[in-house]
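Okay, here's what each chain looks like letter by letter:
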Amino acid sequence: MSIKPIIYLPDPILRQQSQPVERVDQELERFIEDMIETMYDAPGIGLAAIQVGVPRRLLVIDVAGKDEPRNPQVFINPELVATGDEMNVYEEGCLSIPDYYAEVERPEAITVRHLDRDGKERVTEADGLLATCLQHEIDHLNGVLFIDHISKLKRDMVVRKFTKLARQRVTA
Ligand code: GNR
Ligand code: NI
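Everything numeric here is computed off the predicted structure, so don't read it as measured data.

K.L.:
Can you explain the pattern of salt bridges? Please cite residues and give values.
P.N.:
The tally for this structure, following the rule as stated, stands at nine salt bridges. For Glu79, the salt bridge goes to Arg113, with nearest N and O atoms at 3.5 Å. Note that Glu79 is positioned in strand 3 (residues 73-83) and Arg113 in strand 6 (residues 109-115), a separation of 34 residues in sequence. Judged by its relative accessible area of 41%, Glu79 falls in the partly exposed class. In this structure Arg113 comes out as partly exposed when scored by relative accessible area, which is 37%. Three or more residues are tied together by salt bridges with common partners; here these are Glu29, Glu33 and Arg117.

This is the structure we're talking about:
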């Protein structure tokens, strides 16, 4: 098991389209364990494979509260098959955009078809924080970041700040 380095804005890798997982085998199982470990270490409530540089349609989520037992959920090749009519606003953050938070409006309830970590087909109905997090992660698989859902003015400011930070990291 190992913790993988997380990729930050404005790395163009985050804009890549992730491709479907073809086989749920032992190598993938090892990678899933690394993703879960990386998510807890960060710490975050979700992680998409592309955030550790792997362009595959795979994500892990744990929205359990602090005093609840861990509940890691694995979604392989997730497909959003339905969204409710009601919308919800959450203050979102992203491990690839550290210490930046903004309100994003998304459907309150969704239905997702996916494989679980055993490669079994499943349908998950989600609402509240799980629905928000799932939509945030599925966006990552399509090269979309939560800042794409805020105003262009705010987005440009964040991208500029992180571009500057990235330049300092390589020059330092
Ligand atoms: O840790 C995370 N918290 C979070 C809070 C509100 C909405 C979405 C998220 S996902 C984020 C981890 C992350 O960047 N996943 O891609
Ligand atoms: Ni994110």
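K.L.:
Describe the coordination of the nickel ion (ligand 2), and please don't skip the residues or the numbers.
P.N.:
Note on the nickel ion (ligand 2): its protein donors are Cys94 (SG), His136 (NE2) and His140 (NE2). The metal-donor distances range over 2.1 to 2.4 Å. Along the chain, the residues that donate to the nickel ion (ligand 2) are spaced as C-x41-H-x3-H. Of the two residues, His136 and His140 both sit in helix 2 (residues 128-141), four residues apart, roughly one turn of that helix.

K.L.:
Pulling in residues and values, what's your account of the pairing of strand 5 (residues 97-107)?
P.N.:
For strand 4 (residues 87-94) and strand 5, the ladder comprises seven bridges, and the chain directions are antiparallel. Bridge pairing in strand 5 places Tyr90 opposite Val104. Adjacent in sequence and paired antiparallel, strand 4 and strand 5 are bridged by two residues.

K.L.:
Which residues make up the packing of aromatic side chains, and what values do they have?
P.N.:
Each pair of aromatic rings is reported with the distance of its centres and the angle of its planes. In this structure the tally under the stated criterion is one aromatic pair. Between the aromatic rings of Tyr100 and Phe146, the centroid separation amounts to 6.2 Å while the plane-to-plane angle is 25 degrees, which identifies the pairing as stacked. Here Phe146 lies in the loop between helix 2 and helix 3 (152-171) and Tyr100 lies in strand 5, a separation of 46 residues in the sequence. Like Tyr100, the residue Phe146 is buried in the burial classification.

K.L.:
Provide a residue-level description of helix 3, including the pertinent values.
P.N.:
Taking 1.5 Å as the rise per residue, helix 3 with 20 residues should run 28 Å; its terminal C-alpha atoms sit 28 Å apart, in good agreement. Among the residues of helix 3, those classed as buried are Arg155, Val158 and Phe162. Taken around the axis of helix 3, the buried residues stretch over an arc of 70 degrees, which confines them to a single face. Away from the buried face of helix 3 by more than 90 degrees, exposed residues Lys152, Leu153, Arg160, Lys164, Arg167 and Thr171 are located. At its buried positions, helix 3 is contacted by strand 5.

K.L.:
Before we move on, can you summarise the environment of Lys120 with the specific residues and values?
P.N.:
Residue placement: Lys120 occurs in the loop between strand 6 and strand 7 (121-127). The sequence separation of Lys120 and Glu103 amounts to 17 residues, and the corresponding C-alpha distance is 34 Å. Look past the residues within four positions of Lys120 in its chain and what remains in contact with it is His114 and Leu115.

K.L.:
I'd like to hear about the environment of Glu108, residue by residue, with values.
P.N.:
With respect to the secondary-structure elements, Glu108 resides in the loop between strand 5 and strand 6. Placed 18 residues apart in sequence, Glu108 and Ala126 show a C-alpha to C-alpha distance of 8.4 Å. Those residues in contact with Glu108 that lie beyond four places of it in its chain are Glu86, Met87, Asn88, Ala126, Asp127, Gly128 and Ala131.

Scoring rules and cut-offs
- Residues numbered from 1 in each chain as written.
- Chains lettered and ligands numbered in written order.
- Predicted model: local features only at pLDDT ≥ 70, side-chain atom pairs only at ≥ 80, totals over all residues.
- Heavy atoms only, no water.
- Salt bridge = Lys/Arg side-chain N within 4 Å of Asp/Glu carboxyl O.
- Helix = DSSP H or I, 4+ residues; strand = E, 2+ residues; numbered from the N terminus.
- Buried < 20%, exposed > 50% of the residue type's maximum accessible area, 1.4 Å probe, protein only.
- Donors = N, O, S within 2.8 Å, 3.2 Å for Na, K, Ca; no water.
- Pairing = 2+ DSSP bridges.
- Phe/Tyr/Trp six-rings, centres within 6.5 Å; stacked < 30°, edge-to-face > 60°.
- Expected span 1.5 Å × (residues − 1).
- Arc of directions from axis to C-beta.
- Contact = heavy atoms within 4.5 Å.

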